[in-house]
Amino acid sequence: MSTIRTRRAAVLAVATVTAALVLTACGGDDSGHAAAGHGTSASPSTSASASAGHNAQDVSFAQGMIPHHRQALEMAELAADRASSADVKDLAARIEKAQDPEIETMSGWLKAWGEDVPAATGSAESMPGMDHGADAGMPGMMGDADMAKLEKASGEAFDTMFLTMMVEHHEGAVAMARTEKAKGAYEPATAMADDIVTGQTAEIEEMNKLLG
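Given the structure is predicted, the values throughout are model-derived calculations rather than measurements.

1. Here we look at the overall build of the protein
When its secondary structure is counted, the protein shows seven helices and zero strands. The order of α-helices and β-strands along the protein, N terminus first, is α-α-α-α-α-α-α. Of all intrachain contacts in the protein linking residues separated by at least 6 positions in sequence, the fraction that spans at least 24 positions is 76%. In the form shown here, the protein has an accessible surface area of approximately 11,900 Å², with 55% of it arising from carbon and sulfur atoms.

2. A closer look at the pattern of salt bridges
Where charged atoms from two side chains of opposite charge approach closely, those side chains can pair. Following the criterion strictly, the structure yields three salt bridges and no others. With a closest N to O distance of 2.6 Å, E206 and R94 form a salt bridge. In this pair, E206 sits in helix α7 (residues 187-211) while R94 sits in helix α3 (residues 86-113), placing the two residues 112 residues apart along the sequence. Its relative accessible area of 25% is what places E206 among the partly exposed residues. The class of R94 is partly exposed, set by a relative accessible area of 32%. For D194, the salt bridge identified is with K181, shortest N-O distance 2.9 Å. Of the two residues, D194 is situated in helix α7 and K181 in helix α6 (residues 155-183); the sequence distance between them amounts to 13 residues.

3. Structural notes on the confidence of the model for the protein
A residue-level look at the protein finds 67% of positions with pLDDT of 70 or above and a mean pLDDT of 78. Every residue in residues 1-51 is under pLDDT 50, and counting partners more than four places away or in other chains gives one contact. When the criterion is pLDDT under 50, residues 122-136 qualifies, and its contacts beyond four places in sequence or with other chains add up to 26 contacts.

4. Considering the environment of I196
Along the chain, the position of I196 falls in helix α7. The buried category is assigned to I196, whose relative accessible area is 2%. Residues I196 and A173, spaced 23 residues apart in sequence, show a C-alpha to C-alpha distance of 7.5 Å.

5. Considering the packing of α3 against α7
α7 packs onto α3 with a crossing angle of 165° between their chain directions and a minimal axis gap of 12 Å. Regarding the angle of α3 to α7, the classification is roughly antiparallel. In this structure, α3 crosses over α7, and the sense of that crossing is left-handed. In contact with D87, L91, R94, I95, Q99, E102, T105, M106 and W109 of α3, α7 contributes P188, A189, M192, I196, Q200, E203, E206, M207 and L210. A per-class count over the contact of α3 with α7 returns ten nonpolar, three polar and five charged.

6. A word on the side chain of D58
In this fold, D58 is placed in helix α2 (residues 56-82). Polar side-chain contacts of D58 include one of 3.1 Å to the backbone nitrogen of A185. Those residues in contact with D58 that sit more than four places away from it in its chain are G53, W113, E180, G184, A185, Y186 and A189.

7. Let's talk about the side chain of Q57
With respect to the secondary-structure elements, Q57 resides in helix α2. Within the structure, the side chain of Q57 is placed 3.2 Å from the side chain of E180, a separation counted as a polar contact.

So, how was this worked out
Residues numbered from 1 in each chain as written. Predicted model: local features only at pLDDT ≥ 70, side-chain atom pairs only at ≥ 80, totals over all residues. Heavy atoms only, no water. Helix = DSSP H or I, 4+ residues; strand = E, 2+ residues; numbered from the N terminus. Contact = heavy atoms within 4.5 Å. Areas by Shrake-Rupley, 256 points an atom, 1.4 Å probe, with all protein chains shown as cover. Salt bridge = Lys/Arg side-chain N within 4 Å of Asp/Glu carboxyl O. Buried < 20%, exposed > 50% of the residue type's maximum accessible area, 1.4 Å probe, protein only. pLDDT = per-residue confidence, 0-100. Axes fitted to C-alpha atoms, helices over the stretch in contact; angles between N-to-C directions. Parallel < 35°, antiparallel > 145°, perpendicular 65-115°, else oblique. Left-handed = near helix turned anticlockwise from the far one by under 90°. Nonpolar A, V, L, I, M, F, W, Y, C, P; charged D, E, K, R; others polar. Polar contact = N/O pair within 3.5 Å; in protein donor to acceptor, adjacent residues only side chain to side chain.

Dropping the structure here:
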């Protein structure tokens, strides 16, 4: 009888060990599934990060809009001393307030992307990669002769010249922004482009009213 009991005890011991091994294996499978689950949950964020990337259009937009904005600021700064209309001076101040921070933001994008930031000259020559001149690269950009005329003007003559030139300048910026909205991939850039379209279209209407 003792031999039978010994055998039964041995069998129970083996069964206990086997059960423990099975439970351990199951626990391992569960942890594996959990790890796989974490891996799956990470993939959407990875995809989101990739989708938040920029493309060549975003670079072109920033490199083109920076000097375009800079020239608008040059024109707006002239209004402080030369404009006779309070409305023109107010408009110029609003243009400076809106566009100066956008220049800083776009410059930051280009630096982060490892791209060239246009030199602060306000001319088409400051735009990396632009080989077709100001008219092709930046619609609405004023030439040196136009800027020289504006600098020499004052009073009502300045007001009329400033508004006429700025309408054309804004129309160029709106065209560039619409291209960015259609072809850009970087969401902050396309959002800025949308703001430019909305804001500058409203200012174009305002300036046309002031021109009568």
